[in-house]
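# Structure assessment
Residue strings, one per chain:
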Amino acid sequence: MGNSGGSLTTRSTGELHQLMREAGFTGIDDTEALAEGWQVTDFADAGRRSLSTLVQRTGEPAVMVSFLDSDVGFIEALTPDGNSWEGLLNRDMAKSYEIPLEHFPIEPAVAGALAWSAAAGLTPDEEAVRQTLTGSALFAEELSSALLVALGLPGAT
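So, how was this worked out
Residues numbered from 1 in each chain as written. Predicted model: local features only at pLDDT ≥ 70, side-chain atom pairs only at ≥ 80, totals over all residues. Heavy atoms only, no water. Phe/Tyr/Trp six-rings, centres within 6.5 Å; stacked < 30°, edge-to-face > 60°. Helix = DSSP H or I, 4+ residues; strand = E, 2+ residues; numbered from the N terminus. Buried < 20%, exposed > 50% of the residue type's maximum accessible area, 1.4 Å probe, protein only. Contact = heavy atoms within 4.5 Å. Polar contact = N/O pair within 3.5 Å; in protein donor to acceptor, adjacent residues only side chain to side chain.

## Focus on the packing of aromatic side chains
As enumerated under the stated definition, the model contains three aromatic pairs in all. Each ring, one from phenylalanine 25 and one from phenylalanine 43, has its centre 5.0 Å from the other, and the planes form 75 degrees; the classification is edge-to-face. Residue phenylalanine 25 is found in the loop between α1 (16–23) and β2 (31–33), and its partner phenylalanine 43 is found in strand β3 (residues 38–43); the two are separated by 18 residues along the sequence. Here the aromatic rings of phenylalanine 74 and phenylalanine 104 are separated by 5.9 Å at their centres, their planes lie at 50 degrees, and the arrangement is tilted. Placement of phenylalanine 74 in strand β5 (residues 72–78) and of phenylalanine 104 in the loop between α3 (91–96) and α4 (106–119) is noted, with a sequence separation of 30 residues between them. Phenylalanine 74 sits in the partly exposed class, given a relative accessible area of 25%.

What follows is the structure, encoded as C-alpha cells:
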C-alpha cells in the first residue's frame, strides 16, 4: 500500500507552481487550465499544512484530493475565510483497506462541499456531490474528476 500523489484544484492568477512549492507541495506536474482562472495540478506529496498555506497566500478556495494507490481519495477543501470540509472517495475500496468510514460521514461532507462551492462562487449539484461521495469507480481519480463537475467548477469534465 502506497501513496500515488494527489490533485489540487484552485483559482490562481499567479505562478501556481511556485506558490505550491512555497506551500510545501513536491513533485508538481503540469497544470490543466479549466475556465475562469481555475486550474488542476497533480503533485507527488504535500505537507500537513500545505493546503492552508496555499489558500492563505492565494486568497482563493482550493480542494485537494490525496490518492492511496489510485484506489481511495482523501478530500480536503478550504476557503480563505477558514471554512473547510473533508471527505472520502471510493468508500467500498476504503473499507477493504480497513479505513474507518465513520471518520468520513457523508452528510457533513455533502454540506461542507455545498458551502465550499457557494463560497467559491460556484453552483454545485447536490445530488451529484452525494453520488460522488458514495459512489465507486475503478480508480479514485475518476471520482475526483466527477467531484469537480459536481462542485460546479467551470470547464471541469
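There's more to say after this.
## Notes on unusual backbone geometry
Of note, the phi angle at glutamate 36 is positive, near 55 degrees, even though the residue is not glycine. If you trace the backbone, glutamate 36 turns up in the loop between β2 and β3. The class of glutamate 36 is exposed, set by a relative accessible area of 63%.

## Overview of the environment of serine 136
One can find serine 136 in the loop between α5 (126–134) and α6 (140–150). Residue serine 136 is classed as partly exposed on the basis of its relative accessible area, which comes to 46%. Sequence separation of serine 136 and aspartate 69 is 67 residues, and the distance between their C-alpha atoms is 15 Å. With near-sequence residues (within four places) excluded, serine 136 lies in contact with Asn90, Asp92 and Leu143. Of note is the side chain of serine 136, whose polar atom sits 2.9 Å from the side chain of aspartate 92.

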